[in-house]
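# An overview of the molecular structure
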Amino acid sequence: MSPGTMSLPAVDTNYLQRLSELPTELALRQASPFLAHLVKDPIFIEAEIRPLLEAASGTEIDWYVAKRYQGRDHSYSLQIFVWPPGTETKIHDHSSWGVYCCAVGSVLEERYERLDDGSRLDHADLKKIWQLMWSREDGASSVLPHDGGIHRIGNPGDSVGISVHLYGPRLGEVDGRDYDLSCDYVCDRRED
Ligand SMILES: [Fe+2]
């Protein structure tokens, strides 16, 4: 057992490793109920969520990843995000499948599709296709790698949100891509 495993006893990391070895569609089908269940698990809430909520209350900072739990060779990554009021990510995608579920409060997800064919370097023409508020009772949202999951997540509310994200194996060297809608720009994101 690695030191990381011991620091997050409320999560079955052997299960996450097995999940990461499944084909994408099957992994997503299993990851969604897993996360929806995890965010309601009293042991997980007490050990992982409550301390973060207490630490984040009343602070005025940007969103951050408070806890990260990585599998071997980027096989999976379980991350707990804290969303102070008024914070949001850039529009981005991931080089892996991903599933996330809100644990505290609610977060807004905006989803985009790409209209161009990707042939122009650093250029992406995006169109917003939907937005949804997610809270714990709504279950998990999921993204496919690359163009299959271009989105932005934020917290437009006035109380702290916390969400738990699970990403599968990376399909490339980079973590994903960041987009700038104002100038149709896209670039690689090296670090998550
Ligand atoms: Fe994302």
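Everything below is about the structure shown above.
Here's a quick rundown of the structure. Everything numeric in this text was worked out from a predicted model, so none of it was measured.

## Details of the overall build of the chain
Scanning the chain from terminus to terminus reveals 4 helices and 12 strands. Taking 16 Å as the expected radius of gyration for a compact globule of 192 residues, we find that the chain reaches 16 Å, a close match to that expectation. With respect to the three principal axes, the spread of C-alpha positions in the chain is 50 × 40 × 25 Å. Put simply, the chain has 192 residues, and 47% of those count as buried. Within the chain, contacts between residues separated by at least 24 positions form 75% of all contacts whose residues are at least 6 apart in sequence. For the chain, the centre of its 19 positive side-chain charges and the centre of its 31 negative side-chain charges are spaced 3 Å apart.

## Quick notes on the coordination of the iron ion
Donor atoms from the polypeptide that bind the iron ion are His92 (NE2), His94 (NE2) and His151 (NE2), placed at 2.0 to 2.1 Å. The sequence pattern describing where the donors of the iron ion fall on their chain is H-x1-H-x56-H. Of this pair, His92 sits in strand S4 (residues 91–94) while His151 sits in strand S9 (residues 150–155), and the two are 59 residues apart along the sequence. His151 shares its class with His92; the two are buried.

## Brief notes about the sheet that holds strand S8 (residues 140–143)
Spatial ordering of the open sheet is given by S1-S2-S10-S5-S8, a layout of 5 strands whose pairing is antiparallel. With partners counted over all chains shown, the strands left at the sheet margins are strand S1 (64–70) and S8, one partner each. When strand polarity is set aside, the average angle formed by the axes of neighbouring strands in this sheet is 20 degrees. In this sheet, S8 lies alongside strand S5 (residues 98–104) in antiparallel orientation, the contact comprising 4 bridges. The residue of S8 that forms the bridge with Gly98 is Val143.

## Observations regarding the side chain of Arg189
Looking at where Arg189 falls in the secondary structure, it is placed in strand S12 (residues 185–189). Look at Arg189 and you get buried, because its relative accessible area is 14%. Side chain to side chain, Arg189 and Asp178 meet in a polar contact 2.8 Å long.

## Observations regarding the pattern of salt bridges
If the charged atoms of two oppositely charged side chains come close together, the side chains can form a pair. Per the stated rule, a full pass over the model turns up 16 salt bridges. With a shortest N-O distance of 3.3 Å, Glu110 and Arg152 are connected by a salt bridge. With Glu110 in strand S6 (residues 106–114) and Arg152 in strand S9, the pair connects residues that are 42 residues apart, well separated along the chain. By relative accessible area, Glu110 is classed as buried at 11%. Relative accessible area serves as the criterion here: at 17%, Arg152 is assigned to the buried category. Because the salt bridges share partners, they merge into one network encompassing Asp93, Arg114, Asp116, Asp147 and Arg177.

## Focus on helix H3 (residues 24–38)
Between the first and last C-alpha of H3 there are 20 Å, a value that for 15 residues agrees with the 21 Å anticipated at 1.5 Å per step. Within the sequence span of H3, burial applies to Ala27, Leu28, Ala31, Phe34, Leu35 and Leu38. Each element contacted by the buried residues of H3 is listed here: helix H2 (13–20), helix H4 (42–56), strand S2 (77–83), S5, S8 and strand S10 (161–167).

## A look at the environment of Gly105
Here Gly105 is to be found in the loop between S5 and S6. For Gly105, a relative accessible area of 38% gives the class partly exposed. Taking the C-alpha atoms as reference, Gly105 lies 9.3 Å from Trp83; in sequence the two are 22 residues apart. Sequence-distant contacts of Gly105, that is, excluding residues within four places in its chain, are made with Trp134, Ser135, Arg136 and Val160.

Here is what the cut-offs are and how they apply
- Residues numbered from 1 in each chain as written.
- Predicted model: local features only at pLDDT ≥ 70, side-chain atom pairs only at ≥ 80, totals over all residues.
- Heavy atoms only, no water.
- Helix = DSSP H or I, 4+ residues; strand = E, 2+ residues; numbered from the N terminus.
- Rg over C-alpha atoms; globule rule 2.2 N^0.38 Å.
- Buried < 20%, exposed > 50% of the residue type's maximum accessible area, 1.4 Å probe, protein only.
- Contact = heavy atoms within 4.5 Å.
- Lys, Arg positive; Asp, Glu negative; His and termini not counted.
- Charge placed at Lys NZ, Arg CZ, Asp CG, Glu CD.
- Donors = N, O, S within 2.8 Å, 3.2 Å for Na, K, Ca; no water.
- Pairing = 2+ DSSP bridges.
- Axes fitted to C-alpha atoms, helices over the stretch in contact; angles between N-to-C directions.
- Polar contact = N/O pair within 3.5 Å; in protein donor to acceptor, adjacent residues only side chain to side chain.
- Salt bridge = Lys/Arg side-chain N within 4 Å of Asp/Glu carboxyl O.
- Expected span 1.5 Å × (residues − 1).

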